[in-house]
Each structure stands twice: as C-alpha cells, then as structure tokens.
Amino acid sequence: MIPLLLFLWMQSPDSLMSIQFNPEILKDLDLVWEPTGRTQNLIEGYTTLPLLAARTPQLRVDLPDFEGFESVSWQLEPGFWLVSGSKILPFESLAWEAADFPALVQARDAQGGVWFILSHGHQHTPDNQTLLINNTDVLVGPALANWLGQPTLAGSMIGVAELLLQGLAPFSLAGLCTPNLSGVIDVRLVTINGLTQLQRSGGRLALSFSATLDNVGVATVPWHAAIAPDGSTSGIYGQHPFLILNLYRLKDGQLDMIGRSDVKHAFFSTNVGCGCQGDNWLYPGCGDTYSSGNNSSQFFFGPRNEVNPKTGAWSSLGSHFDAIPVNDFRDHGNETGAHGPFDHRLTAMEADLSDPGATYWMEAWYLVQDDINILNSMGYRQVFPSFNGTNWTFSQAGTFVRGPVVETWIDPNNPGLENAHARVQDPDGEFRLVVHSEDLGDGFTRYTYGLMNLDHASGLTELRLPFDPSSSFRTAFFHDADQSADNDWSVSLQGSELVFAPMDNNPQIWGSLLTMGFEANAPPTAGYVIVVSPASGNLNVASLIPFCDSQIYLDLRELWPLNTTILDLITGSCFL
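Chemist: Any chance you could explain the overall build of the chain here in plain terms?
Modeler: The helix and strand inventory of the chain stands at 5 helices and 39 strands. Residues counted as buried form 56% of the 576 residues belonging to the chain. Taking as baseline every contact in the chain between residues at least 6 positions apart, the subset at least 24 positions apart corresponds to 66%. Roughly 22800 Å² of accessible area belongs to the chain as shown, and the carbon and sulfur atoms make up 53% of that amount.

Chemist: Help me understand the packing of aromatic side chains, please; the structure alone is not making it clear to me.
Modeler: Describing an aromatic ring pair means giving the distance of the ring centres and the angle of the ring planes. The tally for this structure, following the rule as stated, stands at 23 aromatic pairs. With a centroid separation of 5.0 Å and 65° between ring planes, the pair formed by Phe 21 and Trp 33 is classed as edge-to-face. In this pair, Phe 21 is assigned in strand β3 (residues 16-21) and Trp 33 in strand β4 (residues 32-35), connecting sequence segments 12 residues apart. Residue classification places Trp 33 among the buried residues on the basis of a relative accessible area of 16%. Measuring from centroid to centroid gives 6.2 Å for Phe 478 and Trp 489, while their planes differ by 10°, and the two rings are stacked. Here Phe 478, found in strand β34 (residues 473-479), pairs with Trp 489, found in strand β35 (residues 489-494); they are 11 residues apart in sequence, far enough to count as distant. An aromatic cluster is defined as three or more aromatic residues linked by ring pairs; in this entry it consists of Phe 21, Trp 33, Phe 80, Phe 91, Trp 96 and Phe 116. In this arrangement the basic side chain of Arg 330 is found over the ring face of Phe 299, its NZ or CZ atom lying 3.6 Å from the centre.

Chemist: It is not clear to me how the nonpolar core should be interpreted in this structure. Could you clarify?
Modeler: If you look at soluble globular proteins, the nonpolar side chains tend to sit buried side by side. Counting 42 residues, the largest nonpolar core has Leu 195, Leu 247, Leu 353 and Tyr 366 as its most contacted members. Counting only elements with at least two residues in this core, the list comes to β17 (187-201), β18 (204-215), β20 (242-251), β23 (281-282), β26 (346-349), β27 (359-367) and β29 (392-402). Tallying contributions element by element places β18 first for this core, with 5 residues. In contact with Tyr 366, other than residues within four places in its own chain, are Leu 189, Ala 211, Leu 213, Trp 223, Pro 241, Phe 242, Leu 243, Tyr 290 and Ser 377. Counting residues in hydrophobic clusters, the runner-up holds 41 residues, among them Leu 76, Leu 94, Leu 118 and Ile 158.

Chemist: Before we go on, may I ask you to explain a nonpolar patch on the surface in this structure?
Modeler: Together, Val 184, Val 218 and Ile 372 make up an exposed nonpolar region whose accessible area comes to about 260 Å². You can see Val 184 is positioned in the loop between β16 (157-168) and β17.

Chemist: Any chance you could explain a negative patch on the surface here in plain terms?
Modeler: Together, Asp 252, Glu 418, Glu 438 and Asp 439 make up a region of like negative charge exposed at the surface. Along the chain, Asp 252 falls in the loop between β20 and β21 (254-260).

Chemist: Would you explain the environment of Ser 316 in this entry?
Modeler: Assignment of secondary structure puts Ser 316 in the loop between β25 (301-302) and β26. Residues Ser 316 and Asp 328 lie 12 residues apart in sequence; the distance between their C-alpha atoms is 6.2 Å. Setting aside its immediate chain neighbours within four residues, Ser 316 contacts Ala 226, Ile 227, Asp 322 and Asp 328.

Chemist: Sorry, what's going on with the state of the cysteines here?
Modeler: Note: disulfide means a covalent bond formed between the sulfur atoms of two cysteine side chains. Going through the model one piece at a time under the given rule, you end up with 2 disulfides. Covalently, Cys 274 is tied to Cys 286 through a disulfide, its sulfur atoms 2.0 Å apart. Residues Cys 274 and Cys 286 share a disulfide whose torsion about the S-S bond is about 90°; that sign makes it right-handed. Here Cys 274, found in the loop between β22 (263-265) and β23, pairs with Cys 286, found in the loop between β23 and β24 (287-290); they are 12 residues apart in sequence, far enough to count as distant.

Chemist: Teacher, can you tell me more about the sheet that holds strand β9 (residues 80-84) here?
Modeler: Working definition: the strands of a sheet are paired by backbone hydrogen bonds and lie parallel or antiparallel to each other. On the basis of which strands lie adjacent, the open sheet formed by 3 strands has the order β4-β9-β10 and antiparallel pairing. A single partner strand is all that each edge strand has here, and the edge strands are β4 and β10 (87-90). Strand-to-strand twist of the sheet, defined as the mean angle between neighbouring strand axes without regard to direction, takes the value 25°. Alignment of β4 against β9, held across 4 bridges, turns out to be antiparallel. Across the sheet, the residue bridging to Pro 35 is Phe 80, located in β9.

Chemist: Explanation requested: the pattern of salt bridges in the structure shown.
Modeler: Tallied over the full model, the rule gives 15 salt bridges. With its nearest N and O atoms 2.8 Å apart, the salt bridge here joins Arg 200 to Glu 350. You can see Arg 200 sitting in strand β17 and its partner Glu 350 sitting in the loop between β26 and β27, a full 150 residues away along the chain. Arg 446 is paired through a salt bridge with Glu 519; the nearest N and O atoms lie 3.8 Å apart. With Arg 446 in strand β32 (residues 445-453) and Glu 519 in strand β37 (residues 512-520), the pair connects residues that are 73 residues apart, well separated along the chain. In this pair, the class of Arg 446 matches that of Glu 519, namely buried. Each of Arg 249, Lys 251, Asp 256, Asp 352 and Asp 355 takes part in salt bridges that share partners, so that together they form one network.

About the cut-offs
- Residues numbered from 1 in each chain as written.
- Predicted model: local features only at pLDDT ≥ 70, side-chain atom pairs only at ≥ 80, totals over all residues.
- Heavy atoms only, no water.
- Helix = DSSP H or I, 4+ residues; strand = E, 2+ residues; numbered from the N terminus.
- Buried < 20%, exposed > 50% of the residue type's maximum accessible area, 1.4 Å probe, protein only.
- Contact = heavy atoms within 4.5 Å.
- Areas by Shrake-Rupley, 256 points an atom, 1.4 Å probe, with all protein chains shown as cover.
- Phe/Tyr/Trp six-rings, centres within 6.5 Å; stacked < 30°, edge-to-face > 60°.
- Lys NZ or Arg CZ within 6 Å of the ring centre and 35° of its normal.
- Core = buried A, V, L, I, M, F, W, Y, C linked by side-chain atoms within 4.5 Å.
- Patch = residues over 30% accessible without salt bridge, like charges linked within 9 Å, V, L, I, M, F, W, Y side chains within 5 Å.
- Salt bridge = Lys/Arg side-chain N within 4 Å of Asp/Glu carboxyl O.
- Lys, Arg positive; Asp, Glu negative; His and termini not counted.
- Charge placed at Lys NZ, Arg CZ, Asp CG, Glu CD.
- Disulfide = S-S within 2.5 Å.
- Pairing = 2+ DSSP bridges.
- Axes fitted to C-alpha atoms, helices over the stretch in contact; angles between N-to-C directions.

If you want it as structure tokens, here you go:
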C-alpha cells in the first residue's frame, strides 16, 4: 500500500457547501432554518452556501484515494441562521475545520464548542480540478445539543450535506486500480453505527443507521447503480450488492423483530484504506461506508421480494424503478409525491421502543451475489432507546457482532436444556428455527418459536408441530415487523398437529424473523417440527415440542427431560 501523503488543494471561490436539514427533525426540535444570505440552489431541497477559505485546505490521501482533510479553515457568508425561540445561531460565527475519521469536518465556535459534524460521505472526482463529496451526514454536535437543552441529541443526524471543492489537484484520483473478476467473493460487514430518527408521526418512527464493510475476498465486486437513467443495459451495468436494516426487541425470553427496511440498492464504493479510487467496484482490501442519511434515501430502495437472496440475482427490467412502460428506463425515484416519509425505510412503533426491561438490537446485512459466506456479511449491535419528549435517541452498548441476532437470543452452540437452535440449509437457502420454553408453574409451559429466514429464496409458509389432542393449549400469539395484521399467521389444531400458517398465503420474506407460540399443558421434549417451503416441501427440523402421552412416557422414558417423573405426569395438568 502506498504511504499516506498530504496534498494541497488550491480552493477556488466557487467552492460550495450544500445542506439539507431534515424538516421533521427541525419541527420536533422547534428549530427554524433561515437562509437569507447569498445562496445557489444547485440541488433541489438543499441550501447551497459559498465556502470562504481562510487558508488552502490540505487533503489526506492514500494515493489515489481521498481519505479526508488534514487541515481546513472555512467560514460561511453572513445571512444563514438557525433560530430556536428567541435564540439565534449565526453560521458565520462558526469555523469549519478538519475532523477525525470517519468525520470530515466540524463546525466550532470561538470557545471551541462543536456545533455540527459532517461525517462519512462518497467522494467523486469528475476531473482533476474538482472534488465532490456527497451523501454526507450532518450530525448534532455537543454545543448545539446543549444550546437546545437536550444533551442526549449529540451525535444524532439532523440533515445531509454535499461539498463541492474547485481547485487544482496535483494528483489523479482515477484509473490506478482495475477490476479482477476471478476468484473468491467475500464481502464482510465491519460495523454499524448511529441509529437515528428521521421521522416521527402517529406513534411511528422512521429510522436509519450507517453500515461499513470491506472486501476480504480475492475478486473485485461490481458496485454499479441499480438501473441506467438512459435505459442502457450494456455490459454488467446494474449488478451491485443489497443492504437491509432490521430492529429487534428481546423481553421475557421472546425476541421480536419490531422494524425492517426494504432493500437498499448500493451504487458506489469509496474504496477507503486501500489505495484505490472511489469507483463502481469494491476492490480487494478496500472498505466503504453508507451513511445514515444515504441509508434513508428512498431513491435507492425497492422491495425485498424482487431480489433472489440465495443467488443475489435481480433484474432492473420491470423492477420497482422501471414503471410503466416497462422498458428498463428509470421512471421512479425522486418525482414529486413519489414517497411518503415512511416508505421503504426502517420503521418501528414508539410503543415497541418504550418497553421497560426490554433489550434492543439493530441489525444490518449486505447481500452480495456469489458471496461465499453470508454470515460475515450480517451483524448486530445493542442500542438503548431514549425519548426526551420531542426526539428519540439511541445510544450504543458493547461491540459489533457478526451473524444474525437470533444467535444472541438462543446460542446455537449452547442453547440450554429448555431451548433449541437449529440451522437448516438446503439448495433453496438457509433459515433458523429457534425455540425457548418456560415452565409457568401452573402445569403449563410457554413455547416461543422464532423462524428466521436468512436467504431461503422461496420463503417459508407453515410451521407444523406434533401435538397430543389429549393435551390443551392456550394464549397463542404471533409477531412480525410490518405493523399490519393482514398478513399475520394464524394457529389451528389440525388432528394431531398445531399449525401456524399465513392468512394471506404469502411466504415469509427473506431477512426477516417471525415469532409465534402458545402455552400448553405438556412439557418440552426433543422432537421434530415441520417447516414448509414452496420449493423444498416439508422439512423436518430437530427442535423442542410439547409432549404429553402417558403410554409413550412409560415405554420411551428417555424421550422426556431427565428431571421429569411419573409423579409429575400424574399430578400435572396433562389430563385436565
């Protein structure tokens, strides 16, 4: 790798900063953005402000890649204010300076307080005189949070920004790395950070967070935009990874998915830390981050069911982006009224985040065509929701862990006597069946089954449990993440089976968890559960099942838990 070097960027007077503050967040915070100074409306919805350079910026580069700013000194012209009641924050009073990676720049006051932080971003070099950094998160700094009287807001996203720097670059950022399309493909999720509120309305939240990955394989991974704006489909245009965001709650031994996004279509890799240029390829040894703001941009989202999770295949023709007429031309995206504030995004109900004693996790997964290991492309991190009366904030705890969240609910390597965790793989993909059982002390046991579809392409349509008709069950329940009862699964006793099945006949979508269960007056024992798939048929999965049959107990006592006695059976409620 070429050593880190510093270069001067001879900034011209045409350098600009464009900011789009999230109007819903400003409303919740009772803030007003008043740009009355000299603006250039270059981007719809953004305020574009001239950058006044006190000295020439120094770029931090790892040839040929831009890695951030070593030093920078910018001011903004007078006439741009944030107003909170009778208080006014004039932007010309702030000095913009270089910040530590992954942040780019931060705005300080004369006393050294940090008001804003610009973090992450995708850099482009249209030519050797221009550096464009877009999809950049604008984060609340500690000084702004204290000014608002809400210190917990520090680090929350308040908007997005773009930097356009004009000048003479004494180096080229393009053309030094070339794709290698042979060898193993292995993309690894490095970390996730910064769960933040985007929208709050009617007890519902839209959320987002950032995701960082790197290429630990041998082959270069295509990272092209989803669909050519001009309808072109030449070469391998359109091949790219996909990102999904999930949110979970664990309480009283039950893990529920309480939020999930549609699928984000990746479109560009910054290729940091490797000496390769930002490109429509992720080169071996290179990393990339999609910021919270980028992961909330509805322009890049489509339905999960358009993607084959087992193969990573997706077709732009007739897709969500290709509206009528179907001609592989991008008709849908940023047109007026194209999206409501919650469409496609990770959403959750405020009531689900206000549960005392619950534990919460955010989870992300990059789905990459031909990736040899899906389990290192997904991961999770614990978060702590907090509501201050106007906004939700989410602090993080512990370290980032690779794999699915269901592995922290019930450990597949050490599930415990009253639990089970089965990993099922077949030609159609992989899913997990997890069960937690709990003795309620009144002769009944509570059974909680988690069905996690990782990349099973045809989906899952039924869960069938053997059940002795002489026993009884009560308090059946079901939970999914879509806040709609129309596609919930129902439970019924069919002969000697308890059957959970969707009411709308639609298979369980990939990358999602369904939680279901009941209370039964029969203790848990080892047995087989049937999971039904349209492509794979009936799949027998080793698990725990309710079991209460006196004759079989006497003949096959080894099937029962070792601490179960004939007295338990006779005095229990199996025969009620």
